[in-house]
Amino acid sequence: MHRIWPPRDAGELDDEALERLYRYPEGRWLAVNFVASADGAVALDGLARGLSNEPDRRVLRLGSDLADVLLVGSTTAMVEGFRGVHPDGETAARRARHGLAPVPPTAVVTTGGLPADAPVVTEAAVPTYVITTEAAPEHKRAAWAAAGATVVVAGEREVDLRLAVDELAARGLEHVDCEGGAQLFGSLLAAGVVDELRLTVSPLLVAGSASRIATGADIDPARLELLSVVAEDDTLMLRYGVRR
């Protein structure tokens, strides 16, 4: 991969340099990952993976390998068939070097629609956190717990994402790697808890009616600071800091 921004740091990146670029800073940090086509589509044939390629998967993997916890919306988890992280030798070695737990857990945000037998719950290598509301039916909370999940209540009728992030941090899960979807990203922006956007621009034009990377209620536009741009195989991997 070749770093092209900032210009003073331009040049080829080996594995170690790329890892340094994508590691999390000290303290609490929430990074959101998305891949989009050059014309702004967030999915191809209904799936984000249709837009992804090897460079995108490489930086996406760094995000999860170096995180304390993965955060995902329940709809995205179901549509993408997400089953949590199952580390191979490379991931295990990387996490060991950074003093991280062998497997990062997944936290799934749901108001109650997540099935108890969802793969993200039943096939996860370590217990999944299900972040939900007080209004979620008691039988659903009991079913998630019976399936092996740790249920975290944050909010009354809508998930309070600021409180949810606080709850994760209280459990030592400060570095959060969010992997979608668009509604969750929009809600995280509205809650003011996003520190970084990691956006891959896939070299595809797809047209159609695909969604954008953030949807939901209007917010005051968040000002971004370009942190880095890496390129490979006609693909751009951008990192933006979110200014408070």
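Only a predicted model underlies this, so the values are computations on that prediction, with no experimental measurement involved.

**Observations regarding the overall build of the protein chain**
And then number 1: Looking only at helices and strands, one finds eight helices and eleven strands in the protein chain.
And then number 2: Computed over C-alpha atoms, the radius of gyration of the protein chain comes to 18 Å, within 12% of the 18 Å expected from 2.2 N^0.38 for 244 residues, which places it in the range of a compact globule.
And then number 3: For the protein chain, the spread of C-alpha atoms along the three principal axes comes to 55 × 40 × 35 Å.
And then number 4: Buried residues in the protein chain amount to 47% of all 244 residues.
And then number 5: The contacts of the protein chain with a sequence gap of at least 6 include a subset with a gap of at least 24, amounting to 68%.
And then number 6: Seen as two clouds, the 24 positive and the 36 negative side-chain charges of the protein chain have centres 3 Å apart.

**Focus on unusual backbone geometry**
And then number 1: A cis amide bond links Trp 5 with the next residue in sequence, Pro 6, at an omega value of -5 degrees.
And then number 2: When you line up the elements, Pro 6 lands in the loop between strand S1 (2-5) and strand S2 (11-12).
And then number 3: The phi dihedral of Ala 207 falls on the positive side, at around 50 degrees, and the residue is not glycine.
And then number 4: With respect to the helices and strands, the residue Ala 207 is situated in the loop between strand S9 (196-202) and strand S10 (224-232).
And then number 5: Exposure remark for Ala 207: the relative accessible area of 53% places this residue in the exposed category.
And then number 6: A positive phi is found at Asp 233, a non-glycine position, where the angle reads about 50 degrees.

**Some words on the pairing of strand S5 (residues 106-109)**
And then number 1: Side chains Thr 106 and Val 108 of S5 all project onto a buried face; the interleaved residues Ala 107 and Val 109 project onto the opposite face, where all are buried too.
And then number 2: Pairing geometry for S5 and strand S6 (residues 129-132), over three bridges, is parallel. Its bridge partner being in S6, Val 109 is matched across the sheet by Ile 131.

**Digging into the UniProt feature "domain: Bacterial bifunctional deaminase-reductase C-terminal" (unreviewed entry) in the protein chain**
And then number 1: In this numbering, the UniProt entry assigns the feature "domain: Bacterial bifunctional deaminase-reductase C-terminal" (unreviewed entry) to residues 28-231.
And then number 2: For residues 28-231, the helix share is 29%, the strand share is 22%, and the end-to-end C-alpha distance is 28 Å.

**Here's the deal with the sheet that holds strand S3 (residues 29-37)**
And then number 1: One open sheet holds the eleven strands; their spatial order is S2-S1-S10-S11-S9-S3-S8-S4-S5-S6-S7, and the pairing between them is mixed. Across the chains shown, the open sheet's two edge strands, defined by having one partner strand only, are S2 and strand S7 (150-153).
And then number 2: Here S6 runs beside S7; their pairing, made up of four bridges, is parallel. Among the inter-strand pairings, Tyr 129 is bridged to a residue of S7, identified as Thr 150.
And then number 3: This element, helix H8 (residues 182-191), spans S3, strand S4 (69-73), S5, strand S8 (175-178) and S9 of the sheet and lies at about 140 degrees to S3.

**A few points about the environment of Asp 220**
And then number 1: If you trace the backbone, Asp 220 turns up in the loop between S9 and S10.
And then number 2: Asp 220 gets classed as exposed once you look at its relative accessible area, which sits at 70%.

**Looking at the layout of surface pockets**
And then number 1: Here the second largest pocket is characterised by a volume of approximately 410 Å³.
And then number 2: Residue lining of the second largest pocket: 18 residues in total, with Phe 185, Leu 189, Arg 212, Ala 214 and Ile 219 positioned closest to the centre.
And then number 3: Elements that contribute at least two residues to the lining of the second largest pocket include exactly H8, S9 and strand S11 (235-242).
And then number 4: When residues in the lining of the second largest pocket are grouped by element, the largest group, three residues, is from H8.
And then number 5: Tallied by class, residues from the lining of the second largest pocket come to 13 nonpolar, three polar and two charged.

**Some points on helix H2 (residues 54-65)**
And then number 1: Here H2 contains twelve residues, and its C-alpha end-to-end distance of 16 Å stays within 8% of the 16 Å for a straight helix at 1.5 Å per residue.
And then number 2: Those residues of H2 not exposed but buried are Pro 55, Asp 56, Val 59, Leu 62, Gly 63, Ser 64 and Asp 65.
And then number 3: Sitting at the head of H2, Asn 53 places a side-chain oxygen 3.1 Å from the backbone nitrogen of Asp 56.

Criteria and thresholds
- Sequence order as written defines residue numbering, which begins from 1 separately in each chain.
- Reporting of local features is limited, given that this is a predicted model, to residues whose pLDDT is at least 70; pairs of side-chain atoms are given and counted only at 80 or more, and all residues count toward the totals for whole chains, interfaces and linings.
- To get the side-chain values, all heavy atoms of the structure are used, and hydrogens and water are removed first.
- In this text, helices come from DSSP runs of H or I with a minimum length of four residues, and strands from runs of E with a minimum of two, each type numbered from the N-terminal end.
- Put simply, the radius of gyration uses C-alpha atoms, and a globule should come to 2.2 Å times the residue count raised to 0.38.
- The classification of residues rests on relative accessible area computed with a 1.4 Å probe and restricted to protein chains. Under 20% of the type maximum is buried, over 50% is exposed, and intermediate values are partly exposed.
- Contacts are residue-level and defined by heavy atoms, with any inter-residue pair within 4.5 Å sufficient.
- Residues counted as positive are Lys and Arg, residues counted as negative are Asp and Glu, and His and the chain ends are not counted.
- Lys charges are placed at NZ, Arg charges at CZ, Asp charges at CG and Glu charges at CD.
- Paired strands are those between which DSSP finds at least two bridges.
- UniProt positions are given in the numbering used here, feature names are shortened, and annotations may be inferred rather than shown by experiment.
- Interaxial angles span 0 to 180 degrees and are taken between N-to-C directions of axes, which are lines fitted to C-alpha atoms, for helices over the stretch in contact.
- A cavity here means a set of points on a 1 Å grid, drawn over the protein atoms and nothing else, where a 1.4 Å probe fits but cannot get out; a pocket is an open set with protein on both sides within 12 Å along at least five of seven lines, and a residue lines either one if it has an atom within 4 Å of a point.
- Grid points are joined across faces, edges and corners, and a volume is the space filled by probe spheres set on the points.
- All amino acids are sorted into three groups, where Ala, Val, Leu, Ile, Met, Phe, Trp, Tyr, Cys and Pro are nonpolar, Asp, Glu, Lys and Arg are charged, and the leftover types, Gly among them, are polar.
- One less than the number of residues in a helix, times 1.5 Å, gives the span that helix is expected to have.
- Two N or O atoms form a polar contact when they lie within 3.5 Å of each other; inside protein one atom must be a possible hydrogen donor and the other a possible acceptor, and for residues adjacent in sequence the pair counts only when both atoms belong to side chains.

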